[in-house]
Amino acid sequence: MVNGESVKFDIRGMLPEELRELLHEAGEKPYRAAQVFGWIQDKAVQSFSEMKNAGDKVSDFLAKRTQLQPLKLVRERISSDGTRKYLWALQDKSLIETVLMRHGGDKTRNRNTLCLSTQVGCGMGCSFCATGTLGFIRNLEAGEIVAQVLDVTRQRAAEEEGFKVHNLVYMGMGEPLLNLSAVLKSIKILNNSAGQNIGIRRITVSTCGLAPQIEQLAEEELDIVLAVSLHAPTNDLRDRMMPVNRRYPLERLLAACRRYIEKTGRRVTFEYALIKGLNDSPAQAKELAALLAGLKANVNLIPINTHANNTFKRPHPAGVQGFLRLLQNQGLHAVIREEKGGDIEAACGQLAGKER
């Protein structure tokens, strides 16, 4: 109870066991919770009346105790490469963005990746990231994270039979590890075989480098991919690009990454945004290779995406290839990450919710 009124649970953020406990109060058997979870998470219904076999009693009970509120689509932009960027309004009128990327040739072989937001805005202040210009507003609830998947899936399935999200990347607006409990709960819901059934190894969680939270995530022993936004091979440069480095410098960050690798047995992916004249020199490639030597790691090189609030420039393609070769020659597993949606400001570092 809050101010004498019952608090309604966001049903899209409820685990099966939470639904069982709630429906037990109404005298319902466990199978009813399984039915409801399937309607909400697998079929992505947007009203209780769509749950055809749940019965009026269950629907009425859930309507009183929970809320099922779809995100409000404010704007959708479609890139020339097929990427879609969604601007959503939440119930409190906050705005977040979600990006759908397609990989593959035709519809039968497409792999769909959804980039999820975990916060409204972001307080980390990375110099090259548009979201950081918004500042931190609030964390998303687990149901608001899950809703991005369900509402995109429902929208696309209406136009494309059999549509499914195959990969999730928690790389949208916000710092996921500052909202770790909601992120972990959303992963459990979206990975559930009775729901969206997204493979755990197809889920990536990104961080700008919060060392204690990386160690906390390691204790969960999930088979996810951890992606660390690195972007600089020295503390001096990273301090200027990413304020978080002043709190958790490279030595502390890499110690946490080693702990993560030891605990989970999984590789860590390091993201490195290449910026012309700032972090893209051959000498810096060698420094990066030395920094990551001996780590079980992948390196994704990302030529910087410009946005209205920065003056950074992309390196020449030949320079990007040269940087890549230097890393590979030093024994690192490095690739140039395929970028999508740059023409609609949907690529890495460009999400800003400007209509706010």
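Residues numbered from 1 in each chain as written. Predicted model: local features only at pLDDT ≥ 70, side-chain atom pairs only at ≥ 80, totals over all residues. Heavy atoms only, no water.

**Details of the packing of aromatic side chains**
Counted under the stated rule, the structure contains two aromatic pairs. Seen in terms of ring centroids, Y86 and W88 are 5.4 Å apart; in terms of plane orientation they differ by 5°. Their pairing is stacked. The pair Y86 / W88 is uniform in exposure class, with both members buried. Positioned over the ring face of W39 is K43, at 5.0 Å from the centre of the ring. (Phe/Tyr/Trp six-rings, centres within 6.5 Å; stacked < 30°, edge-to-face > 60°. Buried < 20%, exposed > 50% of the residue type's maximum accessible area, 1.4 Å probe, protein only. Lys NZ or Arg CZ within 6 Å of the ring centre and 35° of its normal.)

**Notes on the confidence of the model for the protein**
Here the protein averages 92 in pLDDT, and 91% of its residues register 70 or above. In the predicted structure, residues 1-5 sits below a pLDDT of 50 and forms three contacts with residues beyond four places in sequence or in another chain. (pLDDT = per-residue confidence, 0-100. Contact = heavy atoms within 4.5 Å.)

**A word on the nonpolar core**
Ranked by internal contacts, the top residues of the largest apolar core, which has 105 residues, are L62, L168, Y170, F270, L292 and L327. For F270, the residues in contact, after removing those within four places along its chain, are V228, L230, L254, C257, L292, L295, A297, N298, V299 and N300. (Core = buried A, V, L, I, M, F, W, Y, C linked by side-chain atoms within 4.5 Å.)

**Comments concerning helix α9 (residues 250-264)**
For α9, with 15 residues, the first-to-last C-alpha span of 21 Å sits near the 21 Å given by 1.5 Å per residue. All of the buried residues along α9 are L250, L253, L254, A256, C257, Y260, I261 and T264. Viewed end-on, α9 has its buried residues packed into an arc of 155°, placing them on one side of the element. Residues of α9 that are exposed and point more than 90 degrees away from the buried face comprise E251 and E262. Where α9 is buried, its residues meet α6 (211-220), β11 (225-229), α7 (235-241), α8 (244-247), β12 (268-274) and α10 (282-292). With its phi angle positive at about 75°, G265 sits one or two positions after the end of α9. (Helix = DSSP H or I, 4+ residues; strand = E, 2+ residues; numbered from the N terminus. Expected span 1.5 Å × (residues − 1). Arc of directions from axis to C-beta.)

**A few points about the pattern of salt bridges**
In total, this model carries 20 salt bridges according to the counting rule given. One salt bridge in this structure joins E25 and R65, with 2.9 Å as the shortest N-O distance. Of this pair, E25 sits in helix α1 (residues 16-25) while R65 sits in helix α3 (residues 56-65), and the two are 40 residues apart along the sequence. In this structure, E28 engages K57 in a salt bridge whose closest nitrogen and oxygen atoms are separated by 3.6 Å. Taken together, the positions of E28 in the loop between α1 and α2 (30-42) and K57 in helix α3 put the pair 29 residues apart, joining distant regions of the chain. By relative accessible area, which is 54% here, K57 ends up exposed. (Salt bridge = Lys/Arg side-chain N within 4 Å of Asp/Glu carboxyl O.)

**Quick look at the packing of α6 against α9**
Where α6 meets α9, the closest approach of the two axes is 9 Å, and the angle between their N-to-C directions is 5°. It follows from the interaxial angle that α6 and α9 lie roughly parallel. Counted together, A211, P212, I214, E215, L217, A218 and E219 of α6 and R252, L253, A256, C257, R259, Y260, K263 and T264 of α9 form the full contact between these two elements. Across the contact of α6 with α9, the residue classes break down as nine nonpolar, one polar and five charged. (Axes fitted to C-alpha atoms, helices over the stretch in contact; angles between N-to-C directions. Parallel < 35°, antiparallel > 145°, perpendicular 65-115°, else oblique. Nonpolar A, V, L, I, M, F, W, Y, C, P; charged D, E, K, R; others polar.)

**Remarks on the sheet that holds β11**
Spatial ordering of the open sheet is given by β3-β4-β5-β6-β9-β10-β11-β12-β13-β14, a layout of 10 strands whose pairing is mixed. The sheet is open, and its two edges are formed by β3 (72-78) and β14 (333-336), each paired on a single side. Each strand axis lies, on average, 20° off the axis of its neighbour in the sheet, ignoring direction. Looking at chain direction, β11 and β12 are connected through four bridges and run parallel. Across the sheet, L226 pairs through a bridge with V268, a residue of β12. Here helix α4 (residues 142-157) sits on the sheet in contact with β3, β4 (84-89), β5 (95-103), β6 (111-115) and β9 (167-170), set at roughly 125° to β4. In the packing of α9 onto the sheet, the strands contacted are β11 and β12, and the crossing angle to β12 comes to about 145°. (Pairing = 2+ DSSP bridges.)

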